[in-house]
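Spelled out, the chains give:
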Amino acid sequence: MRVRFHGRGGQGMKTASRILGSAAFHAGLVVQDSPVYGAERRGAPVAAFTRIAKAAIRERGLIAAPDLIVVADETLLFEPTAMPLAGCSARTVVLINTATDAAALQERLAHLGRIESADFTSLVFSITHTLVGLSTALGVAAAALVGLSLEESLAGVAEELAHATLSRAAYEANERLAQEAYALADAWRAVPEPLDASLALAAEAAPTALLAAAPAGAPGTQLVELRFEPPARATPTICVANTPERSTGSWRQFRPLLQRDLCNACWTCFVLCPEGAIALDEHEFPLIDYEVCKGCLVCVHECPTHAFATEKEVR
Ligand code: SF4
Ligand code: SF4
């Protein structure tokens, strides 16, 4: 059984793959999990891989032809540097965290295999009142889909959350979330050919790159020089490499919306935005460039007057 998780930096897909791996380990199976994210930033597409089998796993590296794909956010579906559906076949099950129903996605994605979808983001919000917890929800949903029991799944969550410094209340919220996510995904298992975590790993096709190949003539190891502009535009502008052509706006899951009547033009957001996506208008109020804003929500969290609202992106 090969499972591939796709998410954005900060969504916890590495932890989700570990929760699944730990759950399978508690079921007495052999597991292997590994993430790939390099030196990426919050919001950048990342992937994590879990292999589960009854016998020793000698295969290593990226999973090119998964049995189950978990997509942590629908904004990744058409992201060229993520390509979450790469390597899909008619037997691949795809689980997508989205409010869009599976039938509509089936048509839109033209995937021959099975698609399941649920709004795990809302589920996480409703139970933990934060976005933290998507790893628990999707790790457990994957465990249910591959046929692991609730007890094994909860053991996987307990094992992984033991490494986090959570309050008792946050831990209990994660447990509740795990139970809800398991119930949701368990209902999907009654399909003609359920996934079976104990399946031996069949030979996999030669791994193909998950990330889009760098365009011809890409700068490679060229040094990136930062240019500093005058004080009114004091944030650094990355002016070489491929940044001007790279639209990090497509990484965004949540859009910050300025409520100008609440803004006192303190410039905190302008200074702290890690992408330099906030400029100042002629009255020196922040102006967000949504082509560049990657949705990290640093501005939302740091604004002293709570002048930003947020809106979920749907693509
Ligand atoms: S504008 Fe806000 S959400 Fe967008 S990249 Fe900058 S800090 Fe992050
Ligand atoms: S941090 Fe808040 S108050 Fe300050 S400029 Fe930005 S939006 Fe306005």
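It should be noted that the structure appears before, not after, this text.
Not measured: the values here are computed from a predicted model.

## A closer look at the sheet that holds strand E5 (residues 93-97)
Argument step 1. In spatial order, the strands read E2-E3-E1-E4-E5-E6; together these 6 strands make up an open sheet with mixed pairing. Every other strand in the sheet has two partners, leaving strand E2 (30-36) and strand E6 (115-118) as the edge strands with one partner each. Within the sheet, the average angular offset between the axes of one strand and its neighbour, ignoring direction, is 15°.
Argument step 2. Here strand E1 (residues 2-8) runs beside strand E4 (residues 68-71); their pairing, made up of 4 bridges, is parallel. Paired with Val3 across the two strands is Leu68, which belongs to E4.

## Here we look at the site of ligand 1
Argument step 1. Around ligand 1, the surrounding shell consists of Pro256, Cys273, Pro274, Ile278, Cys293, Lys294, Gly295, Cys296, Leu297, Val298 and Cys299.
Argument step 2. Given that more than half its atoms are within 2 Å of the pocket grid, ligand 1 belongs to the second largest cavity.
Argument step 3. Along the lines of polarity and charge, the residues of the shell around ligand 1 split into 9 nonpolar, 1 polar and 1 charged.

## Topic: the packing of aromatic side chains
Argument step 1. Using the criterion set out here, one finds 2 aromatic pairs in the structure.
Argument step 2. Ring geometry for Phe120 and Trp188: centres 6.5 Å apart, planes at 80°, overall edge-to-face. Of the two residues, Phe120 is situated in helix H3 (residues 120-128) and Trp188 in the loop between helix H6 (168-186) and strand E7 (226-227); the sequence distance between them amounts to 68 residues.
Argument step 3. Taken together, a centroid distance of 5.6 Å and an interplanar angle of 80° make the contact between Trp267 and Phe270 edge-to-face.

## Concerning empty space enclosed by the protein
Argument step 1. In this structure the tally under the stated criterion is 2 cavities of 30 Å³ or more.
Argument step 2. What the largest cavity holds in volume is close to 110 Å³.
Argument step 3. For the largest cavity, the lining is made up of 16 residues, of which Cys263, Cys266, Trp267, Cys269 and Pro286 are closest to its centre.
Argument step 4. The element contributing the most residues to the lining of the largest cavity is helix H7 (residues 268-272), with 3 residues.
Argument step 5. In this structure, the second largest cavity encloses a volume near 90 Å³.
Argument step 6. Taken together, 14 residues line the second largest cavity, and the ones lying closest to its centre are Cys273, Cys293, Gly295, Cys296 and Cys299.

Cut-offs used in this document
Residues numbered from 1 in each chain as written. Chains lettered and ligands numbered in written order. Predicted model: local features only at pLDDT ≥ 70, side-chain atom pairs only at ≥ 80, totals over all residues. Heavy atoms only, no water. Pairing = 2+ DSSP bridges. Helix = DSSP H or I, 4+ residues; strand = E, 2+ residues; numbered from the N terminus. Axes fitted to C-alpha atoms, helices over the stretch in contact; angles between N-to-C directions. Near = heavy atom within 4 Å. 1 Å grid on protein atoms, 1.4 Å probe; cavity = no way out; pocket = protein on both sides within 12 Å on 5 of 7 lines; lining within 4 Å. Sits in = over half its atoms within 2 Å of the grid points. Nonpolar A, V, L, I, M, F, W, Y, C, P; charged D, E, K, R; others polar. Phe/Tyr/Trp six-rings, centres within 6.5 Å; stacked < 30°, edge-to-face > 60°. Points joined across faces, edges and corners; volume = space filled by probe spheres on them.

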